Protein chains: 4
Amino acid sequence: MHQLDELLQSHPVVRQARGRPAKELQDCIDACFSCVQACKLCADACLSEEMVASLVRCIRLNLDAADICLATGSAVTRLTQPSNRVLAAQLGACATACAVCAEECERHARHHEHCAICAEECRVCEAACRRLLDAGPARH
Amino acid sequence: MHQLDELLQSHPVVRQARGRPAKELQDCIDACFSCVQACKLCADACLSEEMVASLVRCIRLNLDAADICLATGSAVTRLTQPSNRVLAAQLGACATACAVCAEECERHARHHEHCAICAEECRVCEAACRRLLDAGPARH
Amino acid sequence: MHQLDELLQSHPVVRQARGRPAKELQDCIDACFSCVQACKLCADACLSEEMVASLVRCIRLNLDAADICLATGSAVTRLTQPSNRVLAAQLGACATACAVCAEECERHARHHEHCAICAEECRVCEAACRRLLDAGPARH
Amino acid sequence: MHQLDELLQSHPVVRQARGRPAKELQDCIDACFSCVQACKLCADACLSEEMVASLVRCIRLNLDAADICLATGSAVTRLTQPSNRVLAAQLGACATACAVCAEECERHARHHEHCAICAEECRVCEAACRRLLDAGPARH
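One numbering rule holds for all chains: residues counted from 1, following each sequence as written. Written order decides the labels, with chains lettered from A and ligands numbered from 1. Where local features are concerned, this predicted model is filtered to residues with pLDDT of at least 70; where side-chain atom pairs are given and counted, the filter is 80 or more; whole-chain, interface and lining totals use all residues. Side-chain numbers come from the whole structure's heavy atoms, not from hydrogens or water.

In DSSP terms, a helix is any run of H or I states spanning at least four residues, a strand is any run of E spanning at least two, and both are numbered starting from the N terminus. The secondary structure content of chain A amounts to six helices and zero strands. Listing the helices and strands of chain A from first to last along the sequence gives α-α-α-α-α-α. Taking 140 residues into account, the globule formula puts the C-alpha radius of gyration at 14 Å, and chain A, at 16 Å, falls close to it. Expressed along its principal axes, the backbone C-alpha trace of chain A runs to roughly 55 × 30 × 20 Å. Expressed as a percentage of the 140 residues in chain A, the buried residues total 66%. Contacts are assigned to residue pairs that have any heavy atoms within 4.5 Å of one another. Within chain A, contacts between residues separated by at least 24 positions form 70% of all contacts whose residues are at least 6 apart in sequence. Using the Shrake-Rupley algorithm and a 1.4 Å probe, accessible areas are obtained, with residue cover drawn only from the displayed protein chains. Surface summary for chain A: the accessible area is close to 4800 Å², and the carbon and sulfur share equals 46%. Between the two quantities, the radius of gyration covers C-alpha atoms and the globule rule is 2.2 Å times the number of residues to the power 0.38. Throughout this description, buried means an accessible area under 20% of the type-specific maximum (1.4 Å probe, protein chains only), exposed means over 50%, and partly exposed covers the range between.

The following block contains the structure:
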């Protein structure tokens, strides 16, 4: 989003740490919400393709990834008294959902530009979730 | 929901299997969406308590659990060409989110009836996710 | 959900009014979340039908109604310092989304039981939104 | 999101119109999802403020706006066989939710930078919804 950095810097938890929001955190929030949009758009674009019947699995995995990225992006956005256990489990599930969706989208990437772009967004989100997981999700 | 059983039975995937939707699946869908509502209501009830400052962590974990249960309930509701990897990872994350939210709600259960009820719903959902995980999430 | 009545009664806003939660409010929360599930299930069942190409508009309107019912159900669930303007506008939009989805589902009801059930749920939700709108959404 | 323009251009509905996605549509999708994030972050930042008790209404309206912007952004993202009635009603409700949330955030803007930024995002989203409403939501 437009002013994510400024918003995070104005958060009491970040202000009190007198630091800057972790790069891994910003990237993960950004990637999750970007992936929500890409997956929703790709699902709908598939639905409008003539060969929709061959894209049914792609639509299904797009909807899974969109829902899961939204839950993950929302959870990591909350800096107030986080639970490391919850965030770690959800980031892991999100990386899996993005990887599986990317694999399916990549199979259609040559024929459908929206699948190619969506696969890219999923890979970016998968990597961002893994990096935040490695950095420790509940440390700002 | 009111007619969940009938709806599941009318789904092509269930009809073609000439079976009935798995008990574990129905219970999990039901528990996830029930938990979404309980957590949203508990978060808002906490926000209206005079001692809101002491319930901040409870609100936060309620919002996490609501978002995560919604993503999980939505994903397990989709019977079309599921990915076992995605569903298993998300069910595991959901069980964790429910367990952590229940622990926090249980700490406030004596003072706040909404926390007592929400803790119960979270425990039911945690158990339902684990049972579906054991049964194999993508087998109807 | 299972214990919606008890949860609402434990909410500070309802407790302080020494009353019971309005029937219209309970029915609307219940109908909205039930409709979320019905629309998600119908969308996925359509996606699994052989004649998916003829159900594309139904899937699209199901997804609209699911998203809009979720936002509406979540907003009316929050009893803390509500805005009548926001709730009224959203309830009106939800009634419209349910009506339009029901119209489409009714067209497929003879061929697809899931469309018949979903149409019913949408009509129940449309009516519940209109009743809460008439009762005044922000009066408990 | 990063590649919204490219994704929209690859959508069959836009491709078949041999045109470009309407500026009003892109702006509205962008503004809705940006507002979802701003409202979620502002709600959580308020929850971490020492004076949380004075920000309860702000948190509540942030959550309403986040949910409603998500439903709206998701609905306008779907270009497949849209219903003008549904989109128009939801865009109107979203403009109202953003306006009411902005009014509340503006009251706290001098003391809380996150409220100032969130108010801005809400105003941008309100305007974008109204412009798409004027342009005709279901014309690409």
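So, on to the relation of the copies chain A and chain D. Rotating chain A by 180 degrees about the axis while translating it 0.0 Å along that axis superimposes it on chain D, leaving an RMSD of 0.0 Å. Expressed as an axis order, the relation between the two copies is that of a two-fold axis. The copies were overlaid by least squares, fitting only the C-alpha atoms of residues that reach a pLDDT of 70 or more in each copy.

Listed as interface residues are 37 residues of chain A and, on the opposing side, 37 residues of chain D. Interface area for chain A against chain D, summed over the two sides, is near 3500 Å², with a carbon-plus-sulfur share of 63%. The largest per-residue losses of area from chain A upon contact with chain D belong to Leu7(A), Gln37(A) and Leu41(A), which jointly make up 19% of the total buried on that side. By definition, a salt bridge exists where a carboxyl oxygen of Asp or Glu is found within 4 Å of a side-chain nitrogen of Lys or Arg. Across the chain A-chain D interface, the total number found is two salt bridges. Note that Glu49(A) and Arg15(D) form a salt bridge whose closest N and O atoms lie 3.4 Å from each other. By the criterion applied in these results, polar contacts are pairs of N or O atoms within 3.5 Å in which, for protein atoms, one can donate a hydrogen and the other can accept it, and in which residues neighboring in sequence qualify only through two side-chain atoms. Applying the counting rule to chain A against chain D returns 16 residue pairs in polar contact (both at pLDDT 80 or more). The set of elements that each furnish at least two residues to the side of chain A that touches chain D consists of α1 (4-9), α2 (12-16), α3 (23-48), α4 (56-77) and α6 (113-135) of chain A. Looking at which element gives the most residues to the side of chain A that touches chain D, the answer is α3(A), with 13 residues. All amino acids are sorted into three groups, where Ala, Val, Leu, Ile, Met, Phe, Trp, Tyr, Cys and Pro are nonpolar, Asp, Glu, Lys and Arg are charged, and the leftover types, Gly among them, are polar. Residues belonging to the side of chain A that touches chain D are distributed by class as follows: 16 nonpolar, eleven polar and ten charged. Note on definitions: buried area is the accessible-area loss of two parts on being combined, 1.4 Å probe, summed for both.

With that settled, consider unusual backbone geometry. Even without being glycine, Gln81(B) reaches a positive phi, approximately 40 degrees. As for its placement among the helices and strands, Gln81(B) is situated in the loop between α4 (56-77) and α5 (84-107).

A few words on the packing of α4(A) against helix α5 (residues 84-108) of chain A. All names here are of chain A. At their nearest, the axes of α4 and α5 sit 9 Å apart, and the two run at 150 degrees to each other. As far as their axial angle goes, α5 and α4 are roughly antiparallel. Between α4 and α5 lies a crossing of left-handed hand. Contacts between α4 and α5 pair Arg57, Cys58, Leu61, Asn62, Ala65, Ile68, Cys69, Ala71, Thr72, Ala75 and Val76 from the former with Leu87, Gln90, Leu91, Ala93, Cys94, Ala97, Cys98, Val100, Cys101, Glu104, Cys105 and His108 from the latter. Only C-alpha atoms enter the line fits that serve as axes; for helices the fit covers just the stretch in contact. Angles between N-to-C directions range over 0 to 180 degrees. Roughly parallel means an angle under 35 degrees; roughly antiparallel, over 145; roughly perpendicular, 65 to 115; everything else is oblique. Here a crossing is taken to be left-handed if its near helix is turned anticlockwise relative to the far helix by less than a right angle, and right-handed if that turn runs clockwise.

Two measures define how a pair of helices packs: the angle their axes make with one another and the distance between the axes. Direction vectors running N to C along helix α3 (residues 23-48) of chain B and helix α3 (residues 23-48) of chain C enclose 140 degrees, while the axes themselves pass 11 Å from each other. By the angle between their axes, α3(B) is oblique relative to α3(C). α3(C) is crossed by α3(B), and the crossing has right-handed handedness. Every residue of α3(C) that contacts α3(B) at Ile29(B), Phe33(B), Val36(B), Gln37(B) and Lys40(B) is listed here: Ile29(C), Phe33(C), Val36(C), Gln37(C) and Lys40(C). Residues of the contact of α3(B) with α3(C), tallied by class, amount to six nonpolar, two polar and two charged.

Here we come to the relation of the copies chain B and chain C. Laying chain B over chain C is done by rotating through 180 degrees and shifting 0.0 Å along the axis; what remains is an RMSD of 0.0 Å. Counting the interface residues of chain B, we find that 100% of their copies in chain C are interface residues as well, pointing to one common contact surface.

All right, on to the environment of Asp27(B) then. Residue and element names in this part refer to chain B. Residue placement: aspartate 27 occurs in helix α3. Since its relative accessible area comes to 25%, aspartate 27 is described here as partly exposed. Along the sequence, aspartate 27 and arginine 131 sit 104 residues apart, while their C-alpha atoms lie 9.2 Å from each other. Among all residues touching aspartate 27, those that are not within four sequence positions of it are Ala128 and Arg131. Among the polar contacts made by the side chain of aspartate 27, one reaches the side chain of lysine 23 at a distance of 2.7 Å.

Quick look at the interface of chain B and chain C now. Across the boundary between the two partners, chain B contributes 37 residues, which contact 37 residues of chain C. On the chain B side of the contact with chain C, Leu7(B), Gln37(B) and Leu41(B) bury the most area, a combined 19% of that side's loss. Put simply, chain B and chain C have two salt bridges between them. If you look at where chain B meets chain C, you find 16 residue pairs in polar contact (both at pLDDT 80 or more). Sorting elements by how many residues they give to the side of chain B that touches chain C places α3(B) first, with 13 residues.

Before going further, it helps to spend a moment on the confidence of the model for chain A. Taken over all residues, the pLDDT of chain A has a mean of 95, while the share at 70 or more is 99%. In the predicted complex, the global pTM is 0.97; the interface-specific ipTM is 0.96. Confidence per residue, as judged by the predictor, is encoded in pLDDT with a range of 0 to 100.

Here we take up the pattern of salt bridges. As a working rule, side chains carrying opposite charge can pair if their charged atoms are close by. A complete count under the given rule lists 44 salt bridges over all chains for this structure. With a shortest N-O distance of 2.8 Å, Arg78(A) and Asp67(B) are connected by a salt bridge. In this pair, Arg78(A) sits in the loop between α4 and α5 while Asp67(B) sits in helix α4, so the two residues belong to two different chains. Owing to a relative accessible area of 7%, Arg78(A) belongs among the buried residues under this scheme. We note a salt bridge from Glu126(D) to Arg130(D), for which the minimum N-O separation is 3.4 Å. Remark: Arg130(D) and Glu126(D) occur in helix α6 (residues 113-135); sequence separation between them is four residues, near one turn of the helix. For Arg130(D), a relative accessible area of 37% corresponds to the partly exposed category.

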